Amino acid sequence: MLGKRKSLEDEARKLLQTSGVERPPVPVESLARALGIDVRFSPAKEDVSGALIRDGDSVVIAINSAQHENRQRFTIAHEIGHFVLHKGTQVHFDEDFRINFRNAVSSEATNVDEIEANRFAAALLMPEGFLRRDLLRLKPDGSTLDNAIQSLAVRYKVSTRAMELRLVNLGFISPVD
Ligand SMILES: [Zn+2]
């Protein structure tokens, strides 16, 4: 699993390098379009996040525009993850995949793709190299860890929770709760 995890990071980094993305916020919609994916937005019910639809040469990512912008960005990155990592599936629907974000049961075959897509999304939106650079720049001005996470989340246009998990997973901080 560790090897797999490293390759997810590599895939995300490769995509960023190819597209010349060097700083946050990562333009996920442009990245999708550069991969030949059509990104469409339309409002759907709250528990639907998005979908990846492959039909021959045509690939569409459909995003629920009723959700928060940061959430939409994460969903686009998640669907790009499915596109890059999981060949073959024609239509993939994502309902509330983030419910299992933290305590996902990796032994369930159906969840493995979701965990991988989430890890890819985190790596794409919050690249380790970018974070390392930003963390080194943080001034020791007495601001709390919560404030630091909050300002990084704003800078990367991700949720505070996603940023916190990413920093924990990279070993930059200890779990907060
Ligand atoms: Zn998914």
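Preceding this section is the structure that the text describes.
The notes below deal with the structure included here.

## A few points about the environment of Leu167
Reasoning step 1: Mapped onto the elements of the fold, Leu167 is located in helix 7 (residues 160-169).
Reasoning step 2: Separated by 35 residues in sequence, Leu167 and Arg132 place their C-alpha atoms 9.8 Å apart.
Reasoning step 3: In contact with Leu167, other than residues within four places in its own chain, are Ile149, Phe172 and Ile173.

## Let's talk about helix 7
Reasoning step 1: Along helix 7, the residues classified as buried are Ala162, Met163, Glu164, Arg166 and Leu167.
Reasoning step 2: With its phi angle positive at about 80°, Gly171 sits one or two positions after the end of helix 7.

## Overview of helix 3 (residues 69-85)
Reasoning step 1: The end-to-end C-alpha separation of helix 3 is 24 Å, in line with the 24 Å expected for 17 residues at 1.5 Å each.
Reasoning step 2: Counting buried positions over the 17 residues of helix 3 gives 13, a clear majority of the element.

## Remarks on unusual backbone geometry
Reasoning step 1: In this model, Pro24 is joined to Pro25 through a cis peptide bond whose omega is -5°.
Reasoning step 2: Its identity is not glycine, yet Lys157 carries a phi of approximately 55°, on the positive side.
Reasoning step 3: With respect to the secondary-structure elements, Lys157 resides in the loop between helix 6 (145-156) and helix 7.
Reasoning step 4: With 17 C-beta atoms packed within 10 Å, Lys157 lands in the partly exposed category.

## Let's talk about the environment of Leu135
Reasoning step 1: Mapped onto the elements of the fold, Leu135 is located in helix 5 (residues 128-137).
Reasoning step 2: Sequence separation between Leu135 and Leu152 is 17 residues; the distance between their C-alpha atoms is 9.0 Å.

Cut-offs applied
Residues numbered from 1 in each chain as written. Predicted model: local features only at pLDDT ≥ 70, side-chain atom pairs only at ≥ 80, totals over all residues. Helix = DSSP H or I, 4+ residues; strand = E, 2+ residues; numbered from the N terminus. Contact = placed C-beta atoms within 7 Å. Buried ≥ 20, exposed ≤ 12 C-beta atoms within 10 Å, placed from the backbone. Expected span 1.5 Å × (residues − 1).

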